Number of protein chains: 4
Amino acid sequence: MNDTTPSPAPREGRKKPPYIYETRMEVRDYECDIQGIVNNANYLHYIEHTRHLFLLSTGLSFSKLHEQGVDAVVARMNLQYKTPLRCDDEFISRLGLKKEGLRYVFNQDIYRAGDERLCFKSTVELVCLINGKLGNSDDYDRAFAPYLK
Amino acid sequence: MNDTTPSPAPREGRKKPPYIYETRMEVRDYECDIQGIVNNANYLHYIEHTRHLFLLSTGLSFSKLHEQGVDAVVARMNLQYKTPLRCDDEFISRLGLKKEGLRYVFNQDIYRAGDERLCFKSTVELVCLINGKLGNSDDYDRAFAPYLK
Amino acid sequence: MNDTTPSPAPREGRKKPPYIYETRMEVRDYECDIQGIVNNANYLHYIEHTRHLFLLSTGLSFSKLHEQGVDAVVARMNLQYKTPLRCDDEFISRLGLKKEGLRYVFNQDIYRAGDERLCFKSTVELVCLINGKLGNSDDYDRAFAPYLK
Amino acid sequence: MNDTTPSPAPREGRKKPPYIYETRMEVRDYECDIQGIVNNANYLHYIEHTRHLFLLSTGLSFSKLHEQGVDAVVARMNLQYKTPLRCDDEFISRLGLKKEGLRYVFNQDIYRAGDERLCFKSTVELVCLINGKLGNSDDYDRAFAPYLK
């Protein structure tokens with residue numbers, strides 16, 4: 001049922017822009033809609049969870065930072081849906097990062113495990129709110145420093 | 001596609017136990033899964049939202065109470081799935097209430113609009129946490145007093 | 001807690017680009033995360049539901065079309081998060097539409113009810129799959145004709 | 001923040017009734033609500049996903065069975081919320097199974113990883129619909145036979 005046309009482009013895409021983190025996940029059936037494909041909103045869940053896991057890997061917790069008054073919130077997203085994920089699919093969620101002014105800009109792409117086909121491509125811009133006001137977070141900067149040369 | 005067998009029982013169920021609040025809602029397509037029916041977890045969303053609307057109708061806000069350290073949390077639920085809701089369905093969510101010790105016990109039933117067929121039947125027991133500790137909330141008691149004779 | 005700064009810009013935004021459909025909805029508490037604001041993925045639910053209601057208003061059902069082998073799927077989205085919606089907020093979801101080649105391009109914006117503040121701004125590009133193959137749907141074209149001059 | 005009181009009871013619970021399958025999962029931040037705890041509906045997602053993984057482990061796919069006209073649907077659930085899961089928590093979802101008449105009765109419990117504290121306890125009754133009619137599924141019976149002596 002999944003389409004199996006060879007897809008050279010994804011392989012290319014997988015190499016650039018450089019990814020700094022990846023995690024493997026599986027589609028949960030309740031995430032699929034009547035079309036039998038993952039509902040488009042769930043991709044935002046997948047990439048949010050990936051960002052939080054990446055953050056944990058640097059030693060920071062999104063929820064603990066929230067308790068300290070530091071919130072990273074999404075300002076903009078740019079999404080491309082390429083090949084739909086389906087029930088029982090496994091996938092790899094990959095992430096790259098740069099900083100532009102106050103904004104952290106993540107490129108977050110999702111590949112189907114097995115054939116490495118590109119399913120979803122996105123750019124996500126986050127800004128920090130410190131006690132509710134737009135600002136720069138030293139915590140985030142320190143955590144991300146090794147990846148922002 | 002919806003089944004249209006006459007259903008005398010629901011009509012009975014609609015009368016007792018007495019309901020004190022109801023609200024009309026519509027199925028959103030993303031709530032349906034590959035079976036074309038509302039995923040079972042979404043019924044908990046429907047009845048939670050109904051409780052919060054009922055609370056708002058008494059002048060209290062669940063989220064504002066949370067900010068004051070008062071949280072009503074679900075301790076137990078008993079759920080019966082009778083007739084599945086489907087895409088494009090509208091439904092009526094009805095609620096009754098009694099108090100047993102520290103627990104607020106809601107009976108919450110969902111009927112398909114149009115034919116009043118019983119879709120979902122539940123009992124939901126909530127307890128209050130005051131600053132994280134099991135307790136009795138005067139706010140909730142006052143709000144619910146007219147319904148708890 | 002909601003910010004109440006006057007916001008002249010949204011009023012402007014409300015006028016152009018022209019909207020052809022709107023619906024009023026309310027935030028459900030479970031859609032808010034630990035930050036007390038609506039999680040970013042839920043905006044995709046809001047605008048999807050708005051598109052499906054708009055479609056119903058033209059006499060077509062997204063789910064019935066699916067049964068006939070006609071699926072409109074999201075190809076691209078461009079999202080801007082302006083002012084977060086919070087628990088107990090009501091909002092108005094507005095929609096405009098144009099066609100570019102095979103693509104239906106919706107502009108979908110969300111305004112907080114009461115002060116008409118712009119919360120969310122998006123462009124959503126859909127393509128039609130006819131029995132799984134990219135194509136042009138006469139059903140959709142007919143339904144949208146009055147809005148595509 | 002998590003409560004850390006010793007909890008001998010869960011350990012007992014873990015032994016009986018006998019579990020036949022378990023899987024490890026992690027809380028995703030978007031599953032937590034303003035109370036900072038996992039929203040009660042998400043536990044139904046956790047246990048549904050666990051049942052589907054268990055099914056996959058027997059060689060059957062819930063979604064593939066659906067395409068063949070065989071649907072297992074939830075008829076009843078009995079839920080007890082014991083200790084709330086929070087952001088960053090990992091947990092183990094365990095499952096036992098028996099058959100009563102046409103019904104498959106799963107006992108599905110969730111334990112916090114690390115301290116094995118019982119978080120959630122449930123009984124879930126499923127029935128099979130064969131092309132929309134209540135029936136007995138040979139596929140399910142064969143898959144579950146090793147566990148139903």
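Given the structure is predicted, the values throughout are model-derived calculations rather than measurements. (Residues numbered from 1 in each chain as written. Chains lettered and ligands numbered in written order. Predicted model: local features only at pLDDT ≥ 70, side-chain atom pairs only at ≥ 80, totals over all residues. Heavy atoms only, no water.)

Between chain C and chain A, which share one sequence, the superposing operator has a rotation angle of 180° and an axial displacement of 0.0 Å; the RMSD is 0.0 Å. With respect to symmetry, the two chain copies, as superposed, fit the operation of a two-fold axis. Looking at chain C, 100% of its interface residues are interface residues in chain A too, so the copies touch through the same face. (Least-squares fit on C-alpha atoms with pLDDT ≥ 70 in both. Contact = heavy atoms within 4.5 Å.)

Moving on, we get to the pairing of strand β1 (residues 21–26) of chain B. Residue and element names in this part refer to chain B. Going residue by residue along β1, you find Y21, T23 and M25 tucked away on one face and E22, R24 and E26 left uncovered on the opposite face. Sheet analysis places β1 next to strand β3 (residues 90–100), joined by 6 bridges and oriented antiparallel. Residue pairing for β3: E22 is matched across the bridge by R94. (Buried < 20%, exposed > 50% of the residue type's maximum accessible area, 1.4 Å probe, protein only. Helix = DSSP H or I, 4+ residues; strand = E, 2+ residues; numbered from the N terminus. Pairing = 2+ DSSP bridges.)

Orientation of helix α2 (residues 40–57) of chain A relative to helix α2 (residues 40–57) of chain C, taken along the N-to-C sense of each, is 175°, at an axis distance of 8 Å. It follows that α2(A) is roughly antiparallel to α2(C) by the angle criterion. Each of N40(A), A41(A), L44(A), H45(A), E48(A) and R51(A) in α2(A) lies in contact with α2(C), whose residues at this interface are N40(C), A41(C), L44(C), H45(C), E48(C) and R51(C). For the contact of α2(A) with α2(C), the per-class residue count stands at 4 nonpolar, 4 polar and 4 charged. (Axes fitted to C-alpha atoms, helices over the stretch in contact; angles between N-to-C directions. Parallel < 35°, antiparallel > 145°, perpendicular 65-115°, else oblique. Nonpolar A, V, L, I, M, F, W, Y, C, P; charged D, E, K, R; others polar.)

On to the pattern of salt bridges, then. Tallying each qualifying case throughout the model produces 42 salt bridges over all chains. A salt bridge links R28(B) to E31(C), with the nearest nitrogen and oxygen atoms 3.4 Å apart. Of this pair, R28(B) sits in the loop between β1 and α2 (40–57) while E31(C) sits in the loop between β1 (21–26) and α2, which puts the two residues in different chains. Using a relative accessible area of 4% as the deciding quantity, one classes R28(B) as buried. Among the salt bridges present, the one from R94(B) reaches E116(B), with a minimum N-O distance of 2.9 Å. Within this pair, whereas R94(B) is found in strand β3, its partner E116(B) is found in the loop between β4 (103–112) and β5 (118–130), the two being separated by 22 residues in sequence. Owing to a relative accessible area of 5%, R94(B) belongs among the buried residues under this scheme. (Salt bridge = Lys/Arg side-chain N within 4 Å of Asp/Glu carboxyl O.)

All names here are of chain A. When pLDDT is averaged along chain A, the result is 89, and 89% of the positions lie at 70 or above. Predicted confidence is poor over residues 1–15, with pLDDT under 50, and the contacts of this stretch with residues over four places away or in other chains come to 23 contacts. For this predicted complex, the interface confidence score (ipTM) comes to 0.87, while the overall pTM stands at 0.89. (pLDDT = per-residue confidence, 0-100.)

This brings us to the relation of the copies chain C and chain B. Taken together, a rotation about one axis and a shift along it account for how the two chain copies relate. Each copy of the sequence occupies a distinct position, and chain C is placed on chain B by a rotation of 180° and an axial shift of 0.0 Å, giving an RMSD of 0.0 Å. A shared binding surface is used by both copies, with 100% of the interface residues of chain C retained as interface residues in chain B.

So, about the interface of chain C and chain B. In this complex, chain C contributes 22 residues to the contact, which on the side of chain B involves 22 residues. Buried surface at the junction of chain C and chain B, both sides included, amounts to about 1,800 Å², of which 47% is carbon and sulfur. By the criterion of area lost to chain B, the three top residues of chain C are R28(C), Y30(C) and D88(C), representing 34% of everything that side buries. In this structure, the connection of chain C to chain B is made through 3 salt bridges. (Buried area = accessible area lost by both parts, 1.4 Å probe.)

If a probe the size of a water molecule is rolled over the atoms, the empty space left behind becomes visible. Counted by the stated rule, this structure contains 1 cavity of 30 Å³ or more. The calculated volume of the largest cavity comes to roughly 520 Å³. The wall of the largest cavity is formed by 28 residues, among which H45(A), H45(B), N42(C), H45(C) and H45(D) lie closest to the centre. Within the residue set of the lining of the largest cavity, elements represented by two or more residues are α2 of chain A, α2 of chain B, α2 of chain C together with α2 (40–57) of chain D. Classifying every residue of the lining of the largest cavity by side-chain character gives 8 nonpolar, 12 polar and 8 charged. (1 Å grid on protein atoms, 1.4 Å probe; cavity = no way out; pocket = protein on both sides within 12 Å on 5 of 7 lines; lining within 4 Å. Points joined across faces, edges and corners; volume = space filled by probe spheres on them.)

So, on to the interface of chain C and chain A. With 24 residues of chain C at the interface, the matching set in chain A holds 24 residues. When the buried area of chain C at its contact with chain A is split by residue, I34(C), Q35(C) and Y81(C) rank highest and sum to 23% of it. Across the chain C-chain A interface, the total number found is 0 salt bridges. Elements that contribute at least two residues to the side of chain C that touches chain A include exactly α2, α3 (62–67) and β2 (70–81) of chain C. In terms of residue count, the dominant contributor to the side of chain C that touches chain A is β2(C) (11 residues). The pairing of strand β2 (residues 70–81) of chain A with β2(C) spans 5 bridges and is antiparallel. Looking at the pairing, Q80(A) lines up with R76(C) of β2(C).

Let us now look at unusual backbone geometry. The backbone of E116(A) sits at a positive phi, close to 55°, despite the residue not being glycine. Despite not being glycine, N131(C) has its phi angle at roughly 50°, a positive value. You can see N131(C) is positioned in the loop between β5 (118–130) and β6 (133–135). Its relative accessible area of 64% is what places N131(C) among the exposed residues.

This paragraph deals with the packing of aromatic side chains. Enumeration according to the criterion identifies 55 aromatic pairs over all chains in this entry. With a centroid separation of 5.2 Å and 80° between ring planes, the pair formed by Y104(A) and F144(A) is classed as edge-to-face. Of this pair, Y104(A) sits in strand β4 (residues 103–112) while F144(A) sits in helix α4 (residues 138–144), and the two are 40 residues apart along the sequence. Considered together, Y104(A) and F144(A) belong to a single accessibility category, that of buried residues. Centre to centre, the rings of Y43(B) and Y81(B) are 5.3 Å apart; their planes meet at 85°, and the pair counts as edge-to-face. Of this pair, Y43(B) sits in helix α2 while Y81(B) sits in strand β2 (residues 70–81), and the two are 38 residues apart along the sequence. (Phe/Tyr/Trp six-rings, centres within 6.5 Å; stacked < 30°, edge-to-face > 60°.)

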